[in-house]
Amino acid sequence: MKTSHTSFSEKSKELLFVLTPPTPLQETVSHFKKDAENLVGYPYKSRYAKAHITLGYCITDQPLKLIWSIADKMQTHAPFHVHIKDCRPLHHGENRSICLDVANKSTVTNITDNLSELTETVDTPHLTIARNLPYEDFAKAWPYFQNVHYSNNFICDRITVLERAGNRWIPYEQIPLAG
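Criteria and cut-off values
Residues numbered from 1 in each chain as written. Predicted model: local features only at pLDDT ≥ 70, side-chain atom pairs only at ≥ 80, totals over all residues. Heavy atoms only, no water. Buried < 20%, exposed > 50% of the residue type's maximum accessible area, 1.4 Å probe, protein only. Helix = DSSP H or I, 4+ residues; strand = E, 2+ residues; numbered from the N terminus. Pairing = 2+ DSSP bridges. Contact = heavy atoms within 4.5 Å. Polar contact = N/O pair within 3.5 Å; in protein donor to acceptor, adjacent residues only side chain to side chain. Arc of directions from axis to C-beta.

Regarding the pairing of strand β1 (residues 13-19)
Next, step 1: Extensive coverage of β1 is indicated by the burial of six of its seven residues.
Next, step 2: The pairing of β1 with strand β8 (residues 158-165) spans four bridges and is antiparallel. Pairing of Leu 16 across the sheet is with Leu 162, part of β8.

Printed below as a string of structure tokens:
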């Protein structure tokens, strides 16, 4: 039931499925983003994106049916802890991203495994600090972030569904986990 990126119609919705950390962790990520901006010297594209862990993405002309299907699948998942630990780079060809790492990846990938037949999913769970930086800018920021030692955790009890509205993502729905 994956939807194609090429079948976008007026009734279609572009949806993003994410885990949203609590406000204190979002504020910490915002401070890291400001540090990255100072290091690279400009407000890079993902500078003001709200902190989240992406699970999946799709374009669908039946958003409610899709959400109900996902909600049904999530009834087998109890709330769980997400452990955030230190920074890591991600490589995108010549470009790089700087992220906070999810230490217990298998817990999050259990969720993405259940989403994979309905959405395009993410292979490596992470909280992005600076996304898709040209290598020169990554090289300015990474020496600082590779020495950041950070640890935090939060309880995930829901999946947040965001809808694209122009160049922004806005809240669309919450899918609770069992329990």
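Having seen the model, we can carry on.
A closer look at the environment of Tyr 144
Next, step 1: One can find Tyr 144 in helix α4 (residues 135-145).
Next, step 2: Since its relative accessible area comes to 38%, Tyr 144 is described here as partly exposed.
Next, step 3: For the pair Tyr 144 and Asp 35, spaced 109 residues apart in sequence, the C-alpha separation works out to 9.1 Å.
Next, step 4: The residues touching Tyr 144, leaving out its near neighbours within four places in the chain, are Asp 35 and Leu 39.
Next, step 5: Within polar-contact distance, the side chain of Tyr 144 engages the side chain of Asp 35 at 3.1 Å.

Looking at α4
Next, step 1: Those residues of α4 not exposed but buried are Asp 137, Phe 138, Ala 141, Trp 142 and Phe 145. Along α4, the residues classed as buried sweep out an arc of 120° about the axis, all on the same side.
Next, step 2: Summarising the contacts, the buried residues of α4 are in contact with α1 (23-40), β3 (80-92), β4 (95-102) and β6 (126-133).

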